[in-house]
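Tertiary structure, described
Residue-level listing of the chains:
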Amino acid sequence: MSKRLFIPGPIDVNKDVLEYMSTQVISHRGKEASKIQYDISKKLQSLFYTNSEILLSTSSGSGLMEGSIRSCTSKRAVVFSCGSFGKRWYKMGVSNMIPVDLFEVELGKAISPEMVDKVLSTGKYDLITITHNETSTGITNPIEAIGEVIKKYEDIIYCVDAVSSAGGIKIEVDKIGIDICITSVQKALGLPPGMSICTFSNKAVQRAKKVPYRGTYFDLLAMYEYIVNKNYQYPSTPSLSHMFALDFQLNQILKEGLENRFLRHGEMANIVRSWAKEHFQIFTDENYLSNTLTVVKNTKGISISKLNDQLKERNLEIANGYGELKEKTFRISHMGDYSVDDVKDLLNNIDEILGFEKN
Ligand SMILES: *Cc1c(COP(=O)(O)O)cnc(C)c1O
């Protein structure tokens, strides 16, 4: 089946997953709801290689980003940013009156463990946020090496935005030492938008208990306590439709096999990268390329929006550059349930439109 949306989320959703979205609703306070949330949690613990509890939120991933910085900063937060999504976390801190500092690197570059070490050694901070996969620049930050640095500092809550990577790139939450790892369902997990997920470590639980003003809807401790004290329920009414579909889709993902899924993402990425190098250039630092999307530098000065209009006539779509990178770059996503052939089909269509020779 040829796919249509090659933007970095939302992406095309398989028909059987969509059908699960239309399951008849149940009471969110019954045993059945508890069982579904429990089953989802166990499967997500496998996906994240963690024993931490899993929190579900009826919101997109931004909700949990805001909830994490607010629920778990007791002293001062530090945000490391290499693009638009890193900066968003900083804005969330500021608008919630959280003491927070921002450290940025040039667009297209990664955050280095050395930089993190230097900043944490000041002793000013007790929470750090890192974007795993920066969707505006195509960078995958070295969260493992950064985790090693963070382990030197006892009091730090390590928050990771894995919105555009979880389910496509391996993230070993416990081994790396991540306290809160956040993702949305509409990216590499391949569901319709409307629900998000995070891991929540014991250390994060203990920290949140010391933070007096955690808000209400995105109070991560409240979500955790409903799981522990009310047998896997949700403080308000969750999107049960998403839960039915997520439970099913996680079965499909585990059936494919996590390692197979990560390999498939690597193969799709390799195909797009070699195509990009043949006809354009890759925008991103080559040492930190993402396996879920590729950001291509528009070296030929083509009109990206015109290309996209022509692609849409063929029922396909890619993404323009994000923010200030619009028209200077374009983004091709290769995440979720897309196959190598889906990606090749997209590239062949671009070749035809732009008049490139076929190999
Ligand atoms: C898409 C995205 C977000 C925002 O997620 P929503 O689910 O739209 O709130 C945050 N961070 C990254 C890296 C993303 O790709």
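Residues numbered from 1 in each chain as written. Predicted model: local features only at pLDDT ≥ 70, side-chain atom pairs only at ≥ 80, totals over all residues. Heavy atoms only, no water.

**Concerning the overall build of the chain**
Basically, it comes down to this: By definition, any uninterrupted DSSP run of H or I lasting at least four residues is a helix, any uninterrupted run of E lasting at least two residues is a strand, and each is numbered from the N terminus. We compute the radius of gyration from the C-alpha atoms alone; for a globule the expected value is 2.2 Å times N to the 0.38, where N is the number of residues. A simple rule labels every residue: compare its accessible area, found with a 1.4 Å probe on the protein chains alone, to the largest value its type can have, and call it buried under 20%, exposed over 50%, or partly exposed in between.
Broken down by element type, the chain carries 13 helices and 13 strands. In terms of overall dimensions, the chain is globule-like: its C-alpha atoms have a radius of gyration of 20 Å, near the 21 Å expected for 359 residues. Overall size of the chain, expressed as C-alpha extent along the three principal axes, is 60 × 55 × 35 Å. Here the chain, with 359 residues, has 60% of them falling under the buried criterion.

**Here we look at unusual backbone geometry**
For the bond running from Gly9 to Pro10, omega is -5°, close enough to zero to count as cis. Mapped onto the secondary structure, Pro10 falls in the segment before α1 (15-21). Phi is positive for Tyr232, close to 60°, though the residue is something other than glycine. Within the secondary structure, Tyr232 is located in the loop between α9 (220-229) and α10 (240-256). Take Tyr232: its relative accessible area is 11%, and that puts it in the buried class. Backbone geometry at Asn315 places phi at a positive 65°, although glycine is not the residue there.

**Some remarks on the domain arrangement of the chain**
For clarity, the threshold we go by: Segmentation of the chain into domains, including their bounds, is taken from an automatic or database domain assignment. Every residue pair with non-hydrogen atoms within 4.5 Å of one another is taken to be in contact. Joining two parts hides part of their accessible area as seen by a 1.4 Å probe, and the buried area is that hidden amount summed over both.
The assigned domain composition of the chain is domain 1 (4-9 + 257-354) and domain 2 (24-255). If you average the C-alpha positions of domain 1 and of domain 2, the two centres end up 26 Å apart. On the domain 2 side, the residues contacting the 25 residues of domain 1 number 32 residues. Summed over both sides, the interface of domain 1 with domain 2 buries roughly 2300 Å², with 59% coming from carbon and sulfur.

**So, the sheet that holds strand β1 (residues 53-57)**
Our working definition: If DSSP finds at least two bridges between two strands, the strands pair. Axis lines are fitted to C-alpha atoms, over the contacting stretch for helices. Their N-to-C directions set the angle, which ranges from 0 to 180 degrees.
Spatial ordering of the open sheet is given by β1-β9-β8-β7-β4-β2-β3, a layout of 7 strands whose pairing is mixed. The strands lining the two open edges of the sheet, one partner per strand, are β1 and β3 (100-104). The mean angle between the axes of side-by-side strands here comes to 20°, regardless of whether they run parallel or antiparallel. The strands touched by α9 are β1, β8 (180-184) and β9 (196-200); relative to β1, the strand with the most contacts, the crossing angle is about 115°.

**Brief notes about the sheet that holds strand β13 (residues 329-333)**
Across a sheet, paired strands are connected by hydrogen bonds in the backbone, their directions being either parallel or antiparallel. The strand order β10-β11-β13-β12 describes an open sheet built from 4 strands, whose pairing is antiparallel. Looking along the sheet, the strands with just one partner apiece sit at the ends: β10 (281-282) and β12 (319-320). Here 5 bridges tie strand β11 (residues 293-297) to β13, and the two strands are oriented antiparallel to one another. Directly across from Val295, in β13, lies its bridge partner Arg331.

**Remarks on the packing of helix α2 (residues 31-47) against α10**
Selection rule: Definitions for this section: a left-handed crossing has its near helix turned counterclockwise from the far helix by less than a right angle. A right-handed crossing has that turn clockwise. Note that Gly is not counted as nonpolar here; it falls among the polar residues with everything else outside the nonpolar set of Ala, Val, Leu, Ile, Met, Phe, Trp, Tyr, Cys and Pro and the charged set of Asp, Glu, Lys and Arg.
Following both chains from N to C, one finds α2 and α10 inclined at 35°, their axes separated by 10 Å at the closest point. Two packed elements cross with a definite hand, and for α2 against α10 that hand is left-handed. Seen from α2, the contacting residues are Ala33, Ile36, Gln37, Asp39, Ile40, Lys43, Leu44, Ser46 and Leu47; seen from α10, they are Met243, Phe244, Leu246, Asp247, Leu250, Asn251, Ile253 and Leu254. Of the residues that constitute the contact of α2 with α10, the class distribution is 11 nonpolar, 3 polar and 3 charged.

**Quick word on the site of the ligand**
This is how it is decided: We call a residue near a molecule or strand whenever a single non-hydrogen atom of that residue lies within 4 Å of it. Pairs of N or O atoms are called polar contacts if they sit within 3.5 Å, as long as, within protein, a hydrogen donor faces a hydrogen acceptor (for residues adjacent in sequence, only side-chain-to-side-chain pairs). Where accessible areas are quoted, they stem from the Shrake-Rupley method and a 1.4 Å probe; at the residue level, only the protein chains shown are allowed to cover.
Taken together, the neighbourhood of the ligand is formed by 15 residues, with Ser60, Ser62, Thr135, Asp161 and Lys187 sitting nearest. For the ligand, an oxygen atom lies 2.5 Å from a polar atom in the side chain of Ser60. At a separation of 2.7 Å, an oxygen atom of the ligand approaches a polar side-chain atom of Lys187. Its free accessible area being 380 Å², the ligand has 90% of it covered by the protein chains. Put simply, the parts of the chain that give the shell around the ligand at least two residues each are α3 (61-72) and α4 (84-95).

**Details of the nonpolar core**
This is how the line gets drawn: For this analysis, a nonpolar core means a set of buried residues of the types Ala, Val, Leu, Ile, Met, Phe, Trp, Tyr and Cys, connected via side-chain atoms within 4.5 Å.
Membership of the largest hydrophobic core comes to 55 residues, with the highest contact counts inside it found for Val116, Ile128 and Tyr158. Apart from the residues lying within four places of it in its own chain, the contact partners of Tyr158 are Ile128, Ile130, Ile143, Ile146, Gly147, Ile150, Ile176, Gly177, Ile178, Asp179 and Ile180. Judged by nonpolar contacts, the second largest core, of 31 residues, contains Ile11, Ile318, Phe330 and Val340.

**Focus on α2**
Convention followed: Any helix carries an expected span of 1.5 Å times its number of residues minus one.
Over its 17 residues, α2 runs 24 Å from end to end, which matches the ideal 24 Å to within 8%, given 1.5 Å per residue. Every buried residue of α2 is listed here: Ala33, Ser34, Ile36, Gln37, Asp39, Ile40, Ser41, Lys43, Leu44, Gln45 and Leu47. Buried residues belonging to α2 abut β1, β9, α9, α10 and α11 (258-279). With its phi angle positive at about 50°, Tyr49 sits one or two positions after the end of α2.

**Concerning the side chain of Gln37**
Considering the arrangement of structural elements, one finds Gln37 in helix α2. What makes Gln37 buried here is its relative accessible area of 3%. Once you skip the residues sitting within four places of it in the chain, Gln37 turns out to touch Leu56, Ile227, Tyr232, Gln233, Tyr234 and Met243.

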